[in-house]
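Notes for the structure review
Read off the chains here:
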Amino acid sequence: MTAARLTACVLVMLSAGCGSLSPPRRPLPPPGLPEDGAFTSALAHYAAGLLLEADSGRVSSAAGDAYAQAHQLDPDSEPPFSLAVISLMEGGRTNEALALIKAQVRRQPNSVDAWLALGQITEVSEDYPQAADAYARVRALRGSAEAAAGATLGEIRNRFKAGQDRTAVRLLRQLVTTTNLPPVVARAPALWARHFLLETKTPERALPVIQIMVDTASDANEQAAAMTLYGDALCRAGSTNQALRAYWHALETQPDAGSAAQRIGMVLYEQADTNGVTRLSASIPKAQQPLGQALAASFAWTLFDQPEAAADALLAGRDAARHADIWPSESYYLLLGATLDDLERDDQATAVVHVIDQSILRRLGPFVPGVVGHDHVVLGKLGIPGGPIFF
């Protein structure tokens, strides 16, 4: 006998008063408890549902009807209500399930479970405004932002589905600025940005979501990445000039933000604006952010198949940065060294390698006596056989 049938048989015995034995008289139930007859009948219907479910191996329609009858007789009992809703939904009787849940919400207006069930079933039914309202009620009942995070995500999801973007964005901003929430919540804006950019192809809807990412970035690298994504959304929306401003903003935030520089170079290339790239290169020595400007010009010249000009732009950026007491990053020097090496400008490439050596040595520690050559020192510390590094 299966566990479900055993449980059901026990419940049947209880509901029947232990067969033909005459049970002892007992006092009336205290106020607030269901009448004994209604409770016994509800128990019998619940047991019948369990037996039917055990026989069929699933929540059958007949079992669902039994659960529904048990719920009507004992509406305060959670198992019959939940099983009745599940069985009605699995049987395609969505309207009946919805009516059952709405009745439960009216009966127990402060029940989190009832409102949560209403939100879930109305979302499945694609009644997104009502689902959002139900999740909002759950959020209000749960109180603290931490406890209500799941319900808030549900409301945000349905607000977006209902086209109520302004409310959804406001809730999303409030949510991600709340402390003590799991990491998945912090990733919610990025997930919605991806949804609008790649799945629904509606980049204009992604923009306010990405703005949240920009405003809540934890450091310059993260903010530059978010601004680059903002520019990508503007590009997809057809606002090229605004996208360029976003990319430049990313470079102002993080001068060696390669992704933003690449996007600027790509825009200039797609516009066939060689004059613009020439002006950009010429202004590098006087630029406030010479490294970012040099990267953008270099990427553009590379796309135009002008490697010498690309290398010259990077060199100009390095020299202007030195003059302004700005230290280029190792990634900048790596790109510069690779570009010079491809052009066989060996003397200049060797000088760049030496700078990279010195930078790594500063990070790894002092020079180790008795080992010949900085390259061998660095590679030895990294556990790599001696030899020239990078090139």
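Residues numbered from 1 in each chain as written. Predicted model: local features only at pLDDT ≥ 70, side-chain atom pairs only at ≥ 80, totals over all residues. Heavy atoms only, no water.

Some details on the overall build of the chain
Regarding its fold elements, the chain presents 21 helices and zero strands. Within the chain, buried positions represent 40% of all 391 residues. Looking at the chain alone, contacts between residues at least 24 apart form 49% of all its contacts between residues at least 6 apart. (Helix = DSSP H or I, 4+ residues; strand = E, 2+ residues; numbered from the N terminus. Buried < 20%, exposed > 50% of the residue type's maximum accessible area, 1.4 Å probe, protein only. Contact = heavy atoms within 4.5 Å.)

Some thoughts on the packing of helix α17 (residues 290-303) against helix α18 (residues 307-323)
A pair of packed helices is captured by two measures, namely the crossing angle of their axes and the spacing between those axes. Two elements in contact, α17 and α18, have axes separated by 8 Å at closest approach and are oriented at 175°. Considering the angle they form, α17 stands roughly antiparallel to α18. Taking contact as the criterion, the partners of P290, L291, A294, L295, A297, S298, W301 and T302 in α17 are, on α18, A309, A310, A313, L314, G317, R318, A320 and A321. Of the residues belonging to the contact of α17 with α18, the class tally is twelve nonpolar, three polar and one charged. (Axes fitted to C-alpha atoms, helices over the stretch in contact; angles between N-to-C directions. Parallel < 35°, antiparallel > 145°, perpendicular 65-115°, else oblique. Nonpolar A, V, L, I, M, F, W, Y, C, P; charged D, E, K, R; others polar.)

Re the side chain of Q254
Assignment of secondary structure puts Q254 in the loop between α14 (240-253) and α15 (258-270). Engagement of the side chain of Q254 in a polar contact is seen with the side chain of N221, the distance being 2.6 Å. Apart from the residues lying within four places of it in its own chain, the contact partners of Q254 are A220, N221 and A224. (Polar contact = N/O pair within 3.5 Å; in protein donor to acceptor, adjacent residues only side chain to side chain.)

So, helix α8 (residues 149-161)
Taking 1.5 Å of rise per residue, the 13 residues of α8 would be expected to cover 18 Å, and the 18 Å separating its terminal C-alpha atoms lies within 8% of that figure. Looking at α8, one finds that the buried residues are A149, A151, T152, G154, E155, I156, N158, R159 and F160. Lining the buried residues of α8 we find α6 (112-124), α7 (128-142), α9 (165-176), α11 (188-199) and α12 (203-215). The positive-phi residue at the C-terminal boundary of α8 is G163, with phi of around 80°. (Expected span 1.5 Å × (residues − 1).)

Focus on the side chain of E155
Along the chain, the position of E155 falls in helix α8. The class of E155 is buried, set by a relative accessible area of 2%. With near-sequence residues (within four places) excluded, E155 lies in contact with A132, Y135, A136, R139 and L171.

Concerning the nonpolar core
Core analysis: the largest hydrophobic core is formed by 67 residues, its most contacted members being I156, F160, L172 and V209. With eight residues, α17 is the largest single contributor of residues to this core. Sequence-distant contacts of V209, that is, excluding residues within four places in its chain, are made with F160, V169, L172, P189, W192, A193 and F196. (Core = buried A, V, L, I, M, F, W, Y, C linked by side-chain atoms within 4.5 Å.)

Quick look at a nonpolar patch on the surface
Taken together, the side chains of M266, Y269 and L303 present a nonpolar region at the surface, about 240 Å² in accessible area. One can find Y269 in helix α15. (Patch = residues over 30% accessible without salt bridge, like charges linked within 9 Å, V, L, I, M, F, W, Y side chains within 5 Å. Areas by Shrake-Rupley, 256 points an atom, 1.4 Å probe, with all protein chains shown as cover. Salt bridge = Lys/Arg side-chain N within 4 Å of Asp/Glu carboxyl O.)

Considerations on the confidence of the model for the chain
Across the chain, pLDDT averages 78, with 71% of residues at or above 70. Here helix α1 (residues 3-15) is the element of the chain with the lowest mean pLDDT, 37, and α12 is the one with the highest, 97. Note that residues 1-56 has pLDDT below 50 and, in this model, 53 contacts with residues that lie over four places away or in other chains. Low pLDDT (under 50) marks residues 367-391, which in the prediction has 40 contacts with non-local residues, meaning those over four places away or in another chain. (pLDDT = per-residue confidence, 0-100.)

Some remarks on the pattern of salt bridges
Throughout the structure, instances matching the rule amount to 13 salt bridges. Across the pair R139 and E155 runs a salt bridge whose closest N-O atoms are separated by 2.8 Å. Placement of R139 in helix α7 and of E155 in helix α8 is noted, with a sequence separation of 16 residues between them. With a shortest N-O distance of 2.9 Å, D232 and R263 are connected by a salt bridge. Highlighted residues: D232 in helix α13 (residues 220-236) and R263 in helix α15, separated in sequence by 31 residues.

Let's talk about the packing of α11 against α12
Two elements in contact, α11 and α12, have axes separated by 8 Å at closest approach and are oriented at 160°. In terms of orientation, α11 and α12 fall into the roughly antiparallel class. Here α11 and α12 pass one another in a crossing that is left-handed. Touching P189, A190, W192, A193, F196 and L197 of α11 are P203, R205, A206, V209, I210, I212 and M213, all from α12. Grouping the constituent residues of the contact of α11 with α12 by class yields twelve nonpolar, no polar and one charged. (Left-handed = near helix turned anticlockwise from the far one by under 90°.)

Focus on the packing of aromatic side chains
The geometry of two aromatic rings is summed up by the distance between their centres and the angle between their planes. Per the counting criterion, the structure on display carries six aromatic pairs. Ring centres of F160 and F196 lie 5.2 Å apart, and the angle between their planes is 75°; on these two criteria the pair is classed as edge-to-face. Taken together, the residues span a long stretch of sequence, with F160 in helix α8 and F196 in helix α11 at a distance of 36 residues. Relative accessible area serves as the criterion here: at 1%, F196 is assigned to the buried category. By the ring-pair criterion, three or more aromatic residues cluster together here, those being F160, W192 and F196. (Phe/Tyr/Trp six-rings, centres within 6.5 Å; stacked < 30°, edge-to-face > 60°.)

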